[in-house]
Amino acid sequence: MLNFGNISCLHIEDPIPIHQLLAVALKEDESNDLTDETSDPSTDIAAFLQEKAPMLDDYFSLKISEDGFLHGIPLLLENYIPSLELVPFYLLNLAKRVNWESEIECFQTFCQETANFYAIVPGDDVDIEEKLLNGQTWKWTIEHVIYPELKRFLFPSRIWADDSTVVELADLPTLYKVFERC
(Lines give C-alpha, C1' and ligand atoms only; values in the text may rest on other atoms or scores of the structure.)
Protein backbone atom coordinates (compact mmCIF):
# COMPACT_ATOMS: atom_id res chain seq x y z
CA MET A 1 0.00 0.00 0.00
CA LEU A 2 2.98 2.32 0.48
CA ASN A 3 3.60 2.37 -3.28
CA PHE A 4 -0.02 2.22 -4.38
CA GLY A 5 -0.29 4.03 -7.70
CA ASN A 6 3.50 4.26 -7.90
CA ILE A 7 4.50 0.67 -8.65
CA SER A 8 7.49 0.00 -10.88
CA CYS A 9 6.90 -1.66 -14.21
CA LEU A 10 8.73 -4.51 -15.89
CA HIS A 11 8.67 -3.38 -19.50
CA ILE A 12 8.34 -6.00 -22.21
CA GLU A 13 10.68 -5.32 -25.14
CA ASP A 14 8.54 -7.09 -27.71
CA PRO A 15 4.90 -6.40 -26.74
CA ILE A 16 2.65 -9.43 -26.90
CA PRO A 17 -1.00 -9.47 -28.05
CA ILE A 18 -3.04 -10.20 -24.94
CA HIS A 19 -5.65 -12.18 -26.89
CA GLN A 20 -2.90 -14.67 -27.82
CA LEU A 21 -1.78 -14.96 -24.19
CA LEU A 22 -5.38 -15.47 -23.12
CA ALA A 23 -5.90 -18.12 -25.80
CA VAL A 24 -2.95 -20.05 -24.34
CA ALA A 25 -4.36 -19.76 -20.83
CA LEU A 26 -7.86 -20.77 -21.91
CA LYS A 27 -6.47 -23.79 -23.75
CA GLU A 28 -4.67 -24.93 -20.58
CA ASP A 29 -7.39 -23.91 -18.11
CA GLU A 30 -9.28 -27.00 -16.96
CA SER A 31 -12.03 -24.96 -15.32
CA ASN A 32 -12.74 -23.05 -18.50
CA ASP A 33 -16.38 -22.07 -18.16
CA LEU A 34 -16.07 -19.29 -20.72
CA THR A 35 -16.53 -21.38 -23.82
CA ASP A 36 -19.16 -19.83 -26.04
CA GLU A 37 -19.73 -21.07 -29.54
CA THR A 38 -20.70 -17.64 -30.87
CA SER A 39 -17.48 -15.79 -30.03
CA ASP A 40 -13.84 -16.30 -29.14
CA PRO A 41 -13.50 -15.94 -25.34
CA SER A 42 -9.88 -14.77 -25.60
CA THR A 43 -10.95 -11.84 -27.78
CA ASP A 44 -13.80 -10.96 -25.41
CA ILE A 45 -11.54 -11.10 -22.35
CA ALA A 46 -8.87 -9.09 -24.16
CA ALA A 47 -11.45 -6.41 -24.98
CA PHE A 48 -12.57 -6.38 -21.34
CA LEU A 49 -8.99 -5.92 -20.08
CA GLN A 50 -8.36 -3.23 -22.72
CA GLU A 51 -11.39 -1.39 -21.37
CA LYS A 52 -9.80 -1.48 -17.90
CA ALA A 53 -6.31 -0.60 -19.21
CA PRO A 54 -6.16 3.05 -18.04
CA MET A 55 -7.01 2.06 -14.46
CA LEU A 56 -4.65 -0.94 -14.55
CA ASP A 57 -1.83 1.31 -15.71
CA ASP A 58 -2.51 4.16 -13.26
CA TYR A 59 -2.87 2.04 -10.15
CA PHE A 60 -0.90 -1.14 -10.84
CA SER A 61 1.52 -0.47 -13.74
CA LEU A 62 -0.06 -3.19 -15.86
CA LYS A 63 0.41 -1.69 -19.30
CA ILE A 64 -1.97 -2.74 -22.08
CA SER A 65 -2.03 -0.61 -25.21
CA GLU A 66 -5.15 0.49 -27.06
CA ASP A 67 -4.35 -2.03 -29.79
CA GLY A 68 -4.33 -4.89 -27.25
CA PHE A 69 -0.63 -5.49 -26.67
CA LEU A 70 0.92 -6.17 -23.28
CA HIS A 71 3.75 -3.68 -22.76
CA GLY A 72 4.49 -4.18 -19.06
CA ILE A 73 3.60 -5.95 -15.86
CA PRO A 74 3.88 -4.74 -12.25
CA LEU A 75 7.36 -5.07 -10.77
CA LEU A 76 6.82 -5.40 -7.04
CA LEU A 77 10.34 -6.36 -5.96
CA GLU A 78 13.42 -4.92 -7.66
CA ASN A 79 15.49 -8.11 -7.62
CA TYR A 80 12.73 -10.59 -8.33
CA ILE A 81 10.94 -11.27 -11.59
CA PRO A 82 7.98 -13.66 -11.44
CA SER A 83 7.77 -16.60 -13.81
CA LEU A 84 6.82 -15.09 -17.15
CA GLU A 85 5.35 -18.43 -18.19
CA LEU A 86 2.46 -17.58 -15.86
CA VAL A 87 1.56 -14.26 -17.51
CA PRO A 88 -1.27 -15.81 -19.59
CA PHE A 89 -2.85 -17.27 -16.43
CA TYR A 90 -2.32 -14.01 -14.57
CA LEU A 91 -4.26 -12.10 -17.22
CA LEU A 92 -7.00 -14.72 -17.29
CA ASN A 93 -7.30 -14.66 -13.50
CA LEU A 94 -7.51 -10.88 -13.53
CA ALA A 95 -10.50 -11.12 -15.83
CA LYS A 96 -12.19 -14.04 -14.05
CA ARG A 97 -11.40 -13.56 -10.37
CA VAL A 98 -11.14 -9.82 -9.79
CA ASN A 99 -14.36 -8.24 -8.54
CA TRP A 100 -14.60 -5.25 -10.88
CA GLU A 101 -17.92 -4.04 -9.43
CA SER A 102 -16.78 -2.86 -5.98
CA GLU A 103 -13.79 -0.53 -5.67
CA ILE A 104 -12.44 -1.97 -2.41
CA GLU A 105 -12.97 -5.58 -3.47
CA CYS A 106 -11.46 -4.80 -6.87
CA PHE A 107 -8.24 -3.63 -5.25
CA GLN A 108 -8.20 -6.54 -2.80
CA THR A 109 -8.81 -9.22 -5.41
CA PHE A 110 -6.40 -7.61 -7.90
CA CYS A 111 -3.70 -7.58 -5.23
CA GLN A 112 -4.49 -11.21 -4.34
CA GLU A 113 -4.13 -12.31 -7.97
CA THR A 114 -0.90 -10.33 -8.33
CA ALA A 115 0.42 -11.97 -5.15
CA ASN A 116 -0.48 -15.40 -6.57
CA PHE A 117 1.36 -14.49 -9.77
CA TYR A 118 4.47 -13.46 -7.78
CA ALA A 119 4.40 -16.46 -5.45
CA ILE A 120 7.36 -18.83 -5.45
CA VAL A 121 5.84 -22.27 -5.25
CA PRO A 122 8.46 -25.00 -5.46
CA GLY A 123 6.72 -28.29 -6.01
CA ASP A 124 7.57 -31.85 -6.86
CA ASP A 125 8.04 -30.95 -10.51
CA VAL A 126 10.40 -28.05 -9.73
CA ASP A 127 14.06 -28.74 -9.03
CA ILE A 128 14.95 -27.33 -5.62
CA GLU A 129 17.98 -25.56 -7.07
CA GLU A 130 16.24 -24.33 -10.23
CA LYS A 131 17.33 -20.83 -11.14
CA LEU A 132 14.70 -18.12 -11.20
CA LEU A 133 14.69 -15.29 -13.72
CA ASN A 134 16.93 -13.25 -11.41
CA GLY A 135 19.63 -15.91 -11.87
CA GLN A 136 19.39 -17.16 -8.29
CA THR A 137 17.73 -20.10 -6.60
CA TRP A 138 14.36 -19.60 -4.93
CA LYS A 139 15.97 -20.11 -1.51
CA TRP A 140 18.47 -17.32 -2.19
CA THR A 141 15.67 -15.09 -3.46
CA ILE A 142 13.61 -15.60 -0.31
CA GLU A 143 16.59 -14.94 1.96
CA HIS A 144 18.12 -11.97 0.11
CA VAL A 145 15.14 -10.32 -1.59
CA ILE A 146 11.88 -11.14 0.17
CA TYR A 147 13.01 -11.20 3.83
CA PRO A 148 14.78 -7.81 3.63
CA GLU A 149 11.68 -6.28 1.99
CA LEU A 150 9.45 -7.76 4.70
CA LYS A 151 11.76 -6.36 7.35
CA ARG A 152 11.62 -2.96 5.70
CA PHE A 153 7.90 -2.73 4.94
CA LEU A 154 5.97 -5.09 7.25
CA PHE A 155 4.29 -3.19 10.06
CA PRO A 156 2.15 -5.75 11.88
CA SER A 157 -0.88 -4.51 13.75
CA ARG A 158 -1.35 -4.91 17.49
CA ILE A 159 -4.10 -7.46 16.77
CA TRP A 160 -1.55 -9.72 15.06
CA ALA A 161 0.66 -9.60 18.14
CA ASP A 162 -2.27 -10.32 20.46
CA ASP A 163 -3.52 -13.35 18.52
CA SER A 164 0.03 -14.66 17.86
CA THR A 165 -0.13 -14.18 14.11
CA VAL A 166 3.24 -12.45 14.47
CA VAL A 167 5.51 -13.52 17.31
CA GLU A 168 8.77 -11.84 18.32
CA LEU A 169 11.45 -14.53 18.37
CA ALA A 170 14.40 -12.39 19.35
CA ASP A 171 15.24 -8.83 20.22
CA LEU A 172 18.80 -7.92 19.26
CA PRO A 173 19.37 -5.22 21.93
CA THR A 174 18.18 -7.62 24.66
CA LEU A 175 20.44 -10.37 23.31
CA TYR A 176 23.43 -7.98 23.44
CA LYS A 177 22.66 -7.20 27.09
CA VAL A 178 22.53 -10.92 27.92
CA PHE A 179 25.86 -11.61 26.19
CA GLU A 180 27.49 -8.56 27.83
CA ARG A 181 26.87 -10.12 31.24
CA CYS A 182 28.63 -13.35 30.24
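Only a predicted model underlies this, so the values are computations on that prediction, with no experimental measurement involved.

A. The arrangement of the overall build of the protein chain in detail. A tally of helices and strands in the protein chain yields eight helices and three strands. Evaluated residue by residue, the protein chain yields a buried proportion of 29% over its 182 residues. Within the protein chain, counting contacts between residues at least 6 apart in sequence, those at least 24 apart form 61% of the total. When the accessible area of the protein chain is evaluated, it comes to approximately 12,600 Å², of which 54% is carbon and sulfur surface.

B. Looking closely at the packing of helix α2 (residues 41-51) against helix α4 (residues 87-97). At a minimum axis separation of 10 Å, α2 and α4 run at an interaxial angle of 75°. Here α2 is positioned roughly perpendicular relative to α4, judged by the angle of their axes. In contact with Ile-45, Phe-48 and Leu-49 of α2, α4 contributes Leu-91, Leu-92, Leu-94 and Ala-95. Taken together, the residues of the contact of α2 with α4 sort by class into seven nonpolar, no polar and no charged.

C. Region of interest: the confidence of the model for the protein chain. Within the protein chain, residue pLDDT values average 83, and 84% of them lie at 70 or more. Mean pLDDT across the elements of the protein chain bottoms out in helix α8 (residues 172-181) (77) and peaks in strand β2 (residues 63-64) (96).

D. The packing of α2 against helix α3 (residues 53-60), seen in detail. Between α2 and α3, the shortest axis-to-axis distance is 4 Å and the interhelical angle comes to 55°. By the criterion of interaxial angle, the relationship of α2 to α3 is oblique. In this structure, α2 contributes Leu-49, Gln-50 and Glu-51 to the contact, and α3 contributes Ala-53, Pro-54 and Leu-56. Residues that form the contact of α2 with α3 fall into these classes: four nonpolar, one polar and one charged.

E. Inspection of α4 at higher detail. Here α4 lies mainly inside the structure; eight of its eleven residues are buried. For α4, the full list of buried residues reads Val-87, Pro-88, Tyr-90, Leu-91, Leu-92, Asn-93, Leu-94 and Ala-95. Where the residues of α4 are buried, they touch α1 (18-28), α2, β3 (69-75) and α5 (103-118).

F. Here's a closer look at the nonpolar core. Leu-49, Leu-56, Leu-62, Ile-64, Leu-70, Leu-91 and Leu-94 are the most contacted members of the largest nonpolar core, which has 33 residues in total. Within the residue set of this core, elements represented by two or more residues are α1, α2, α3, β3, α4 and α5. Residue contributions to this core peak at six residues, all from α4. Not counting chain neighbours up to four residues away, the residues in contact with Ile-64 comprise Ile-18, Leu-49, Gln-50, Ala-53, Leu-56, Phe-69 and Leu-70.

G. Looking closely at the pattern of salt bridges. This model, assessed by the stated rule, comprises two salt bridges. Across the pair Asp-57 and Lys-63 runs a salt bridge, and its minimum N-O distance is 2.6 Å. For Asp-57, a relative accessible area of 29% puts it in the partly exposed group. The shortest N-O distance in the salt bridge between Arg-152 and Glu-149 comes to 3.8 Å.

H. Structural view of the packing of aromatic side chains. Applying the stated criterion across every chain, the model contains nine aromatic pairs. Judged by centre distance (5.4 Å) and plane angle (90°), the ring pair of Tyr-59 and Phe-107 falls under edge-to-face. A residue pair is termed long-range when its members are at least 10 positions apart, and Tyr-59 in helix α3 and Phe-107 in helix α5 qualify at 48 residues. Residue classification places Phe-107 among the buried residues on the basis of a relative accessible area of 17%. Where Phe-60 meets Phe-110, the ring centres are 3.8 Å apart and the plane angle is 25°; that geometry is what we call stacked. Of the two residues, Phe-60 sits in helix α3 while Phe-110 sits in helix α5, which places them 50 residues apart along the sequence. We classify Phe-60 as buried; its relative accessible area is 3%.

Parameters at a glance
- Residues numbered from 1 in each chain as written.
- Predicted model: local features only at pLDDT ≥ 70, side-chain atom pairs only at ≥ 80, totals over all residues.
- Heavy atoms only, no water.
- Helix = DSSP H or I, 4+ residues; strand = E, 2+ residues; numbered from the N terminus.
- Buried < 20%, exposed > 50% of the residue type's maximum accessible area, 1.4 Å probe, protein only.
- Contact = heavy atoms within 4.5 Å.
- Areas by Shrake-Rupley, 256 points an atom, 1.4 Å probe, with all protein chains shown as cover.
- Axes fitted to C-alpha atoms, helices over the stretch in contact; angles between N-to-C directions.
- Parallel < 35°, antiparallel > 145°, perpendicular 65-115°, else oblique.
- Nonpolar A, V, L, I, M, F, W, Y, C, P; charged D, E, K, R; others polar.
- pLDDT = per-residue confidence, 0-100.
- Core = buried A, V, L, I, M, F, W, Y, C linked by side-chain atoms within 4.5 Å.
- Salt bridge = Lys/Arg side-chain N within 4 Å of Asp/Glu carboxyl O.
- Phe/Tyr/Trp six-rings, centres within 6.5 Å; stacked < 30°, edge-to-face > 60°.

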